[in-house]
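# Commentary on secondary and tertiary structure
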Amino acid sequence: MKNNFCHQCLCDGTIDEFFFVEKEDKCNLCILQDKFEKHYKKDQEYNHQVVKKIKKSKNEYDCILGISGGLDSSYLLHLAVKEYGLKPLCVYFNNGFGNPVAGENITNMCNKLNVKFLILTSDWKLTKSLKKSILKASVPEMTLDSDLGFHSALYTTAARYNIKWIVTGYDTFSEGIYPLSWNYMDSKYLRDIHKKYGDKDVLFEKFSTKKHSFNFGIKEFFYFSIIKQIKLFNPYENISFNRKKIKTFLINNYGWEYPGAKYMDDLFQSLMDYVLLRKFNIDRRKIHLSARIRNKEITVEEGKKIIEKKSKTIRIDNIRLCLKRLEIDWKFIKNCMEKEAKNYNNYETSYNLLKFFKKTLKILSKLKIIPVSHYFKFFGLKDIIDEN
């Protein structure tokens, strides 16, 4: 009988890609993290080698650093300036749902570290149309627009300032990798959703090499990565990351304030988690807590106790604020919740193009031209299923 849960983490059959590998006595998500750890091996020397390359730049700024005011990006800024001696130009992507607490964190840290930061704001009329169309489309990627806009802001700013490195701060070891059925990122996907459900008088933006937009997909990523040769550097992949200690460090040294919960630098997360849990039976904490279990930060039992409690991101005051900004009501949300759940398989995407270049992507990830996490994101879980 096929196992519908993994006793080594919190992942289970609520994840479409979940597969328990009997001979390994663990699920494919655990195996994927094992592969990720073998690839990186906490190689701090690699970080120092990359830093030396970044410092060769003679520009006023030697790297772009995306900042949100949350824990990960705040510590990343400290690390870049104080530990590595880099000269970052910080970029904050304003989608209209920023947490004021996180905004204060950005201002305080950048001022104390004497770092310039740019605020790049999305087209609000288009943002509202995209948010509502994603809800109507009945898919789980409710921050798809913001995620694409954020990455576009980083790459287009790098191109505009002729900067060849972007420093990112996603800690895969304690965050995990979302399955594609939960989080597929592709501007073709977003365009199709907006074409079907967006406001008819609102046009989707055209791609620009100099100005941020929501039109940032597979082709655009390769344009900036291969043609413009802009590289990603994620220091967290090669260092130990203790969230409790880092939180205390930021509070004591920068007057940093906790935004209230994970990802709460963006208040839209409250509405997102409310819908994900009730409509899709998706609890994102399963991925994060499972990663922390595999990373030996917490035990399985401790993770289960956290899952049993209400998610801290689901706050009714934030949800009401989101509804007000989007100019929708609870009836709109109820109608969206009653629709059949869908995902990227129900819309036009670039996934077939990715599958066609799968071998090339694997080689590029091994050469560290693109992050290995990008390859694992699109193909890692399925590769493990095919192997077993």
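Presented here is an overview of the structure given in this document. Along each chain, the written sequence defines residue order, and numbers are assigned to residues from 1. Selection of residues for local features in this predicted model requires a pLDDT of at least 70, selection of side-chain atom pairs for listing and counting requires 80 or more, and totals for whole chains, interfaces and linings are taken over all residues. Calculated side-chain values reflect all of the structure's heavy atoms, with hydrogen atoms and water omitted.

### Looking at the overall build of the chain
The number of helices and strands found in the chain is 18 helices and seven strands. What you see for the chain is a C-alpha radius of gyration of 20 Å, in line with the 21 Å of a compact globule of 388 residues. Under the scheme applied here, a residue whose accessible area is under 20% of the maximum for its type counts as buried, over 50% as exposed, and between as partly exposed, the area being computed with a 1.4 Å probe on protein chains only. Going through the 388 residues of the chain one by one, you find that 56% of them count as buried. In the chain, once contacts between residues fewer than 6 apart in sequence are set aside, the share between residues at least 24 apart is 80%. For the accessible areas, the method is Shrake-Rupley and the probe is 1.4 Å, while residue cover comes only from the protein chains on display. Of the accessible surface of the chain, which amounts to about 18,500 Å², a share of 51% is contributed by carbon and sulfur atoms. Measuring between centres, the 68 positive side-chain charges of the chain sit 3 Å from its 46 negative side-chain charges. In DSSP terms, a helix is any run of H or I states spanning at least four residues, a strand is any run of E spanning at least two, and both are numbered starting from the N terminus. In this treatment the radius of gyration is a C-alpha quantity, and the globule benchmark scales as 2.2 Å times the residue count to the 0.38 power. Contacts are assigned to residue pairs with any non-hydrogen atoms lying within 4.5 Å of each other. By the counting scheme adopted, Arg and Lys are positive, Glu and Asp are negative, and His together with the chain ends is not counted. The atom standing in for a charge is NZ when the residue is Lys, CZ when it is Arg, CG when it is Asp and CD when it is Glu.

### Section: the pairing of strand 5 (residues 117–121)
Side chains of strand 5 alternate between two faces, with Leu118 and Leu120 buried and Phe117, Ile119 and Thr121 left unburied. Pairs of strands are assigned from DSSP output, requiring at least two bridges between the strands. Note: strand 4 (residues 88–94) against strand 5, five bridges, orientation parallel. Residue pairing across strands places Cys90 opposite Phe117, the latter belonging to strand 5. Following the backbone out of strand 4, through helix 4 (residues 100–112) and into the adjacent parallel strand 5, one traces a crossover that is right-handed. Seen with its strands pointing away from the viewer, a crossover is right-handed when the path leading from the first strand over the helix to the second is clockwise.

### With respect to the pattern of salt bridges
What counts as a salt bridge is simple: a side-chain nitrogen of Lys or Arg found within 4 Å of a carboxyl oxygen of Asp or Glu. Overall, the coordinates contain 18 salt bridges when judged by the stated rule. For Glu327, the salt bridge goes to Lys128, with nearest N and O atoms at 2.7 Å. Placement of the pair is Glu327 in the loop between helix 14 (316–326) and helix 15 (330–338) and Lys128 in helix 5 (residues 124–137), with a sequence separation of 199 residues. When its relative accessible area of 61% is taken as the criterion, Glu327 is described as exposed. Salt bridges linked by common partners bring Asp72, Glu175, Arg243 and Lys262 together as one network.

### Description of the packing of aromatic side chains
Two rings belonging to Phe, Tyr or Trp (six-membered ring only in the last case) form a pair when the distance between their centres is within 6.5 Å. Interplanar angles under 30 degrees mark stacking, angles over 60 mark edge-to-face geometry, and anything in between is tilted. Under the definition given, this model contains 31 aromatic pairs. Plain terms: the ring middles of Tyr75 and Phe249 are 6.1 Å apart, the flat faces sit at 85° to each other, and that makes the pair edge-to-face. With a gap of 174 residues between them, Tyr75 in helix 3 (residues 71–83) and Phe249 in helix 10 (residues 243–254) connect regions that are remote in the sequence. Exposure remark for Tyr75: the relative accessible area of 15% places this residue in the buried category. In this structure Phe249 comes out as partly exposed when scored by relative accessible area, which is 28%.

### Some thoughts on the side chain of His194
Topologically, His194 is positioned in helix 8 (residues 187–197). Sequence-distant contacts of His194, that is, excluding residues within four places in its chain, are made with Leu126, Ser129, Leu130, Ser133, Asp199, Val202 and Phe204.

### Some words on the packing of helix 4 against helix 10
One way to put it is that helix 4 packs onto helix 10 with a least axis distance of 11 Å and a crossing angle of 65°. Our classification of the angle between helix 4 and helix 10 gives roughly perpendicular. Two packed elements cross with a definite hand, and for helix 4 against helix 10 that hand is left-handed. Of the residues in helix 10, those in contact with Asn108, Met109 and Lys112 of helix 4 are Leu250, Asn253 and Tyr254. Only Asp, Glu, Lys and Arg are considered charged, only Ala, Val, Leu, Ile, Met, Phe, Trp, Tyr, Cys and Pro nonpolar, and every remaining residue, Gly among them, polar. For the contact of helix 4 with helix 10, the residue count by class is three nonpolar, two polar and one charged. Every axis in this analysis is a line fitted to C-alpha atoms, fitted for helices over the stretch in contact. Angles between the N-to-C directions lie between 0 and 180 degrees. The labels follow the angle: roughly parallel below 35 degrees, roughly antiparallel above 145, roughly perpendicular from 65 to 115, and oblique for the rest. Should the near helix be turned counterclockwise from the far one by less than a right angle, the crossing is left-handed, whereas a clockwise turn marks it as right-handed.

### Quick notes on the pairing of strand 3 (residues 63–66)
Side chains Cys63 and Leu65 of strand 3 all project onto a buried face; the interleaved residues Ile64 and Gly66 project onto the opposite face, where all are buried too. Across four bridges, strand 3 lies against strand 4 in parallel orientation. Bridge pairing in strand 4 links Leu65 to Cys90. For the crossover that starts at strand 3, traverses helix 3 and ends in the parallel strand 4, the hand is right-handed. Where strand 3 lies against strand 6 (residues 165–167), two bridges are found, and the strand directions are parallel. Note that in strand 6 the partner of Leu65 across the bridge is Val167.

### Side note on the sheet that holds strand 3
An order of 5-4-3-6-7 is seen for the five strands of this open sheet, with the pairing classed as parallel. The outermost strands of the open sheet, each flanked by one partner alone, are strand 5 and strand 7 (231–233). Shown here is a sheet whose adjacent strand axes are inclined to one another by a mean of 30°, direction ignored. Of the strands in this sheet, strand 3, strand 6 and strand 7 are in contact with helix 2 (residues 44–54), which crosses strand 7 at around 135°. Relative to the sheet, helix 3 contacts strand 3, strand 4 and strand 6, its axis offset from that of strand 3 by approximately 155°.

### A look at a nonpolar patch on the surface
Taken together, the side chains of Ile226, Ile227, Ile363, Leu367 and Ile369 define a hydrophobic patch exposed on the protein surface, amounting to about 480 Å² of accessible area. Note on placement: Ile227 falls in helix 9 (residues 218–227). Only residues whose relative accessible area exceeds 30% and that form no salt bridge are eligible for patches; like-charged ones are grouped when within 9 Å, while nonpolar side chains (Val, Leu, Ile, Met, Phe, Trp, Tyr) are grouped when within 5 Å.

### Section: helix 6 (residues 144–160)
With 17 residues, helix 6 extends 24 Å from end C-alpha to end C-alpha; this agrees with the ideal 24 Å at 1.5 Å per step. In terms of burial, helix 6 is a largely internal element, 13 of the 17 residues being buried. Backbone geometry just after helix 6 places Asn162 at a positive phi near 55°. In a helix, the anticipated span is given by 1.5 Å times the number of residues less one.

### A word on the environment of Val51
Mapping Val51 onto the fold places it in helix 2. By relative accessible area, Val51 is classed as buried at 6%. Placed 35 residues apart in sequence, Val51 and Leu86 show a C-alpha to C-alpha distance of 7.7 Å. Setting aside its immediate chain neighbours within four residues, Val51 contacts Tyr84, Leu86 and Phe233.

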